[in-house]
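Breakdown of the fold
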Amino acid sequence: MSPIDVGRTRHAAVDAAEAQRVARELWGLHGQAVRLDGEYDDNFRLDTSDGAYVLKIAAANEDPALLALQAAALDHVRRRAPESVVPRVRKTLSGEVLGRVELCDTQRLVRLVEFIPGALLADVQPQSAALLRSLGAALGELDVALLDFQHPAAHRQLQWDLRRADALRQEVVRIPEAARRELVTRLIDRVELELLPILAKLRESVIHGDGNDFNIVARDDRVVGVLDFGDMLRTATVCEVAIAGAYAMAGKNDPMGAAAHVVAGYEGVLPLRDSERRALFPLMLTRLAMSVIISAARKTRAPENAYYTVHEERAWRVLEQLVDVPWDMAQDVLFGTRAAADISVSIARRRAALGRNLSLSYDTPLQIVRGWRQYLYDADGREYLDAYNNVPHVGHSHPRVVAAAARQMAVLNTNTRYLHENVLRYAERLTATLPAPLRVCYFVNSGSEANELALRMARAHTRQVDVIVSEGAYHGNTQELVDVSPYKYDGPGGAGRPPHVHEVPVADVYRGAYKANDADAGARYAAYVAEAVEAIGAKRRGVSAFLIESLLSAGGQIVLPRGYLKDAFVAVRDAGGVCIVDEVQVGFGRVGSRFWGFELQDVVPDIVVMGKPMGNGHPVGAVVTSREIADSFDNGMEYFNTFGGNPVSMAVALEVLAVIEDERLQANALRVGERLLSGLRGLLVRHPLIGDVRGAGLFVGIELVRNRETLEPARAEAKVVVNALKDRGILTGTEGPLGNVIKIKPPMVFADADADRLVETLDRVLAAM
């Protein structure tokens, strides 16, 4: 026999006139009846001079014992908690909580309960943290009142009982999509093995059992009613908050955060035990899985009933996002934050414990406690759209990346003096994305380490030390890299340009000498590189390297003019120098139309440097070069890096590459980036403060000026704009030597709606200035 209940028998619908007759005969009430939605029952709102009620006419084959259970439970809760949000039951004229009438030639059981004014939670969008916490608190109060409630009908076999999830295994075949069947089967396998055995040991009580957003009434940003007790049963108490948390996740940008608010509200009334905490997240996933399985099964047996699919697609979206999140990590998220931190105390502790030249973003710093995809969350639970942290390339806390790190960390982490498959697989996968002759890899821990190593290689190959860099460039935080970074050595605390470093003007077609309308701008800017080569030669020295980002980040979010790198590379190589391209900020598909930024210039560097995005926040970097240069570096001195290329880092990096491909994030960067640039350029017409909008893919800069003719930089205004965006829930930053460029480099999962929100919010901020 199938474990799926297709539903109670539906009979001819009762009309409003019959409902009004029932109210008169059984309760002596006269009023207007209006039909309400219901899966099985015929429900009516009844407005009378004595108040508003809901008349519930049960399905013909409804078990009277279950209706008695509900009536007894409501009465019990009202006696235990008079201010509870459950509706009051009105007894019939004969003093019964259940009436019996004949309708459409069928005996039907009827009840009359208080109508609770407000909106269904499903219709309240967005749902605030306060509202979700109120939901948890309301269910917690209900469960506290029910802890000592007993009723024989509560010991029922219900298909929605989370302790019976394994009974649904045979119904997985009803799911039409193979990938989704595999996902649910994998989850049920783990639930059956690791979760179900402990459920029987958890605290039990009678629970409501169906805290979905169509059963909850809200008003004034709080829950004022819990409806529909048809799924009441005795089961593990924690299932109550698991079910509500699962439904709260649906349709949210941050499903885990939404569930965490529900849990916080619940625990404020009814604290969970340690064993219940450990079971909570897998129970949430189980409820979502049961929802999609039951929906699929019912659709095959009763396709005419659309009610079965009301939650289905939203449940699938949450499952697909969260099924691979490690359970212990999810537990940390669900229970990790409970109250806002005192920012002033944290700042004081930071000043005491950390170096004071470690900066903080924004006038009022943020205490960020969690990230998910393109969102960050502070200690108060407030959500921020992250539009400039490019390190979590495939999204904050990507479950596949987290799982890859955890799996490998549990097995082995060591160095490259041992053979290991991960480092070999990653080197092969990485070089497959690069043009020949870039085939030899060295792995390090950061972009700074990678750039430092690249300079060592260049010097070993050329036996020269002089380096050419762009004005305003930044390449890392080691002393060697500070020495080749004008952004640092010309800034506060800097010692100025060292003799072996040679700057060339930024190839900036907005602010520089040659503008965007000059077809030869790239060649003209490249001529500065040739001049630097000549100046080095005039001192009877040779060129070691030309080190440049493929798109300039610290230089002001600059997209280089066409032909610039091609001509510059010719000048450097003709002098025997090595061309190093820094892809730390823009590699791995960020520019959209290409996987690597240098490909926009139709060039092949001698050395490519990578960092930040490689590990999605895990510290990993790389240098990739030709066999010729690698052989020059192999001069007898061993190169060893304790952590570079370790199995964990390589497992993480492999998963990042796989996610970029599987989720088509390069294509996403192209599409969303074009939408974002188009929207921002539309603001140029309305806001004179915007001087230029530039970028490629999800690498975008907005330059603010006080005067479009003189290009006077609007540094102070840029800071105001960035802080105003932060106050409106969007995180950006400032960049460029003049501090007047707003930088936008979000995680690659940035969506169309995010781009639109950023444009619309910036429009309002600028209009208010």
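In the block above lies the structure referred to throughout.
Presented here is an overview of the structure given in this document. These numbers come from a predicted model, not from an experiment.

So, the overall build of the protein
- Within the protein one finds 22 helices and 27 strands.
- For the protein, the C-alpha atoms occupy an extent of roughly 110 × 60 × 50 Å along the three principal directions.
- A separation threshold of at least 6 residues defines the contact pool for the protein, and within that pool the share at least 24 residues apart is 73%.
- Looking at the protein as shown, the accessible area adds up to about 32100 Å², and 49% of this sits on carbon and sulfur atoms.
- The average position of the 89 basic charges and that of the 99 acidic charges among the side chains of the protein differ by 2 Å.

Observations regarding the sheet that holds strand 24 (residues 699-704)
- Sheet architecture is open: four strands sit in the order 23-24-27-26, paired in antiparallel fashion. Where the open sheet ends on each side, the last strands, each with one partner, are strand 23 (690-696) and strand 26 (733-735). Between one strand and the next, the sheet's axes are offset by a mean angle of 30°, whatever the strand orientation.
- In this structure, strand 24 lies alongside strand 27 (residues 741-744), joined through four bridges in antiparallel fashion. Each residue of the ladder has a partner; that of Gly 701, found in strand 27, is Lys 743.
- Along the sheet face, helix 20 (residues 665-683) touches strand 23, strand 24 and strand 27 and points at about 170° away from the line of strand 23.

A short note on helix 13 (residues 447-462)
- The first and last C-alpha atoms of helix 13 sit 22 Å apart over 16 residues, in line with the 22 Å expected at 1.5 Å per residue.
- All of the buried residues in helix 13 are Gly 447, Ser 448, Ala 450, Asn 451, Leu 453, Ala 454, Leu 455, Met 457, Ala 458 and Thr 462.
- Of the residues one or two after helix 13, Arg 463 is the one with positive phi, at around 60°.

Points about the pattern of salt bridges
- A full pass over the atoms with the stated rule returns 48 salt bridges.
- Arg 186 is paired through a salt bridge with Asp 324; the nearest N and O atoms lie 2.7 Å apart. Of the two residues, Arg 186 is situated in helix 4 (residues 178-199) and Asp 324 in the loop between helix 8 (312-322) and helix 9 (327-336); the sequence distance between them amounts to 138 residues.
- The exposure class of Arg 186 is partly exposed, given its relative accessible area of 35%.

Some points on the pairing of strand 12 (residues 375-378)
- Of the two faces of strand 12, the one lined by Tyr 375 and Tyr 377 and the one lined by Leu 376 and Asp 378 are each fully buried.
- Two strands pair when backbone bridges link them, and strand 11 (residues 368-372) and strand 12 are joined in this way by four bridges, in the antiparallel orientation. In the strand pairing of strand 12, Gly 371 is matched with Leu 376.
- As consecutive antiparallel partners, strand 11 and strand 12 are separated by two residues, and within that stretch Arg 373 has a phi angle of approximately 55°, a positive value.
- Two elements, strand 12 and strand 13 (residues 383-386), share three bridges in a ladder whose sense is antiparallel. Following the sheet pairing, Tyr 377 is matched in strand 13 by Glu 383.
- In this structure, the hairpin formed by strand 12 and strand 13 is closed by a connection of four residues, where Gly 381 is found at a positive phi of approximately 85°.

Remarks on the packing of helix 7 (residues 274-301) against helix 8
- Between helix 7 and helix 8, whose axes approach to 9 Å, the crossing angle comes to 140°. The orientation of helix 7 relative to helix 8 falls into the category oblique. Regarding helix 7 and helix 8, the two cross each other, and that crossing is left-handed. Of the residues in helix 8, those in contact with Phe 281, Leu 285, Leu 288, Ala 289, Ser 291, Val 292, Ser 295, Ala 296 and Lys 299 of helix 7 are Glu 312, Ala 315, Trp 316, Val 318, Leu 319 and Leu 322.
- Among the residues forming the contact of helix 7 with helix 8, the class breakdown is eleven nonpolar, two polar and two charged.

A short note on the sheet that holds strand 6 (residues 119-120)
- One open sheet holds the three strands; their spatial order is 6-8-9, and the pairing between them is antiparallel. Lying at the two open borders of the sheet, with one neighbouring strand each, are strand 6 and strand 9 (222-226).
- Pairing analysis gives four bridges linking strand 8 (residues 216-219) to strand 9, with the strands arranged antiparallel. Residue Ile 216 lies in a different strand from strand 9, and its bridge partner there is Val 226.

Looking at the pairing of strand 21 (residues 607-610)
- Neither face of strand 21 is open: one carries Ile 607 and Val 609, the other Val 608 and Met 610, and all of them are buried.
- As paired strands, strand 20 (residues 578-582) and strand 21 are joined by three bridges and run parallel to one another. Within strand 21, the position partnered with Val 581 by the bridge is Val 608.

Things to note about the packing of aromatic side chains
- The tally for this structure, following the rule as stated, stands at twelve aromatic pairs.
- When the centroid spacing of 6.4 Å and the interplanar angle of 85° are considered together, the rings of Phe 546 and Phe 569 count as edge-to-face. Of this pair, Phe 546 sits in strand 17 (residues 543-549) while Phe 569 sits in helix 17 (residues 564-574), and the two are 23 residues apart along the sequence. Summarising the burial analysis for this pair, Phe 546 and Phe 569 share the class buried.
- One residue, Arg 45, lies across the ring of Phe 115, its end atom 4.1 Å from the ring centre.
- Across from the ring centre of Phe 640, 3.7 Å away, lies the NZ or CZ of Arg 417, which sits over that ring.

Digging into the side chain of Gln 408
- Following the sequence through the fold, Gln 408 ends up in helix 11 (residues 399-409).
- The exposure class of Gln 408 is buried, given its relative accessible area of 13%.
- At 3.3 Å, the side chain of Gln 408 forms a polar contact with the side chain of Asn 422.
- Apart from the residues lying within four places of it in its own chain, the contact partners of Gln 408 are His 420, Asn 422, Pro 647, Val 648 and Ala 651.

A closer look at a nonpolar patch on the surface
- Where nonpolar side chains cluster on the molecular surface, the patch consists of Val 144, Leu 147 and Val 269 and spans about 180 Å² of accessible area.
- Locating Val 269 in the fold gives a position in the loop between helix 6 (255-267) and helix 7.
- A relative accessible area of 30% places Val 269 in the partly exposed class.

Remarks on the packing of helix 11 against helix 19 (residues 647-662)
- Taken N-terminus to C-terminus, the directions of helix 11 and helix 19 make an angle of 155°; their axes are 8 Å apart at the nearest point. Between helix 11 and helix 19, the angle is such that the two are roughly antiparallel. Once helix 11 is placed against helix 19, the crossing between them reads as right-handed. Two secondary-structure elements touch here, helix 11 through Arg 400, Val 401, Ala 404, Ala 405, Arg 407, Gln 408 and Met 409 and helix 19 through Pro 647, Val 648, Ala 651, Val 652, Glu 655, Val 656, Ala 658, Val 659 and Asp 662.

Some details on unusual backbone geometry
- In this model, Gln 125 is joined to Pro 126 through a cis peptide bond whose omega is -5°.
- In this fold, Pro 126 is placed in the loop between strand 6 and helix 3 (129-146).
- Residue Pro 437 is bonded to the preceding Ala 436 through a cis peptide linkage, with omega at 10°.
- Within the secondary structure layout, Pro 437 lies in the loop between helix 12 (421-431) and strand 14 (440-444).

Cut-offs used in this document
Along every chain, residues carry numbers that run from 1 in the direction the sequence is written. Where local features are concerned, this predicted model is filtered to residues with pLDDT of at least 70; where side-chain atom pairs are given and counted, the filter is 80 or more; whole-chain, interface and lining totals use all residues. With hydrogens and water set aside, each side-chain value is computed from the structure's full complement of heavy atoms. Helical segments are the DSSP runs of H or I of at least four residues, strand segments are the runs of E of at least two, and each set is numbered from the N terminus. Whether two residues touch is decided by their heavy atoms; if any such pair falls within 4.5 Å, the residues are in contact. Only the protein chains shown count as cover for residues, and all accessible areas are computed by the Shrake-Rupley method using a 1.4 Å probe. Positive charges are assigned to Lys and Arg, negative charges to Asp and Glu, while His and the chain termini are left out of the count. Each charge is placed at NZ for Lys, CZ for Arg, CG for Asp and CD for Glu. Strands qualify as paired when DSSP identifies two bridges or more between them. The axes used here are C-alpha line fits, helices contributing only the stretch in contact, and every angle between their N-to-C directions lies in the interval 0 to 180 degrees. Expected span of a helix, by definition, is 1.5 Å for each gap between consecutive residues, and there is one gap fewer than residues. Think of it in three bands: with a 1.4 Å probe and only protein chains considered, a residue is buried below 20% of the maximum accessible area for its type, exposed above 50%, and partly exposed in between. Think of a salt bridge as a Lys or Arg side-chain nitrogen and an Asp or Glu carboxyl oxygen that are within 4 Å of each other. Throughout, the term roughly parallel applies to angles under 35 degrees, roughly antiparallel to angles over 145, roughly perpendicular to angles from 65 to 115, and oblique to all others. Crossings are sorted by hand: turned counterclockwise from the far helix by less than a right angle, the near helix makes the crossing left-handed, and turned clockwise it makes it right-handed. For this classification, the nonpolar set comprises Ala, Val, Leu, Ile, Met, Phe, Trp, Tyr, Cys and Pro, the charged set comprises Asp, Glu, Lys and Arg, and every other residue, Gly included, is treated as polar. For Phe, Tyr and Trp, rings pair up if their centres lie within 6.5 Å, where Trp contributes its six-membered ring, and each pair is then called stacked (planes under 30 degrees apart), edge-to-face (over 60) or tilted (otherwise). Here, a charge over a ring is recorded when the distance from Lys NZ or Arg CZ to the ring centre is within 6 Å and its angle to the ring normal is within 35 degrees. For this analysis, a polar contact is any N or O atom pair within 3.5 Å, provided that within protein one partner can donate a hydrogen and the other can accept it, and provided that sequence-adjacent residues contribute only side-chain to side-chain pairs. Like charges within 9 Å and nonpolar side chains (Val, Leu, Ile, Met, Phe, Trp, Tyr) within 5 Å are joined into patches, using only residues over 30% in relative accessible area that form no salt bridge.

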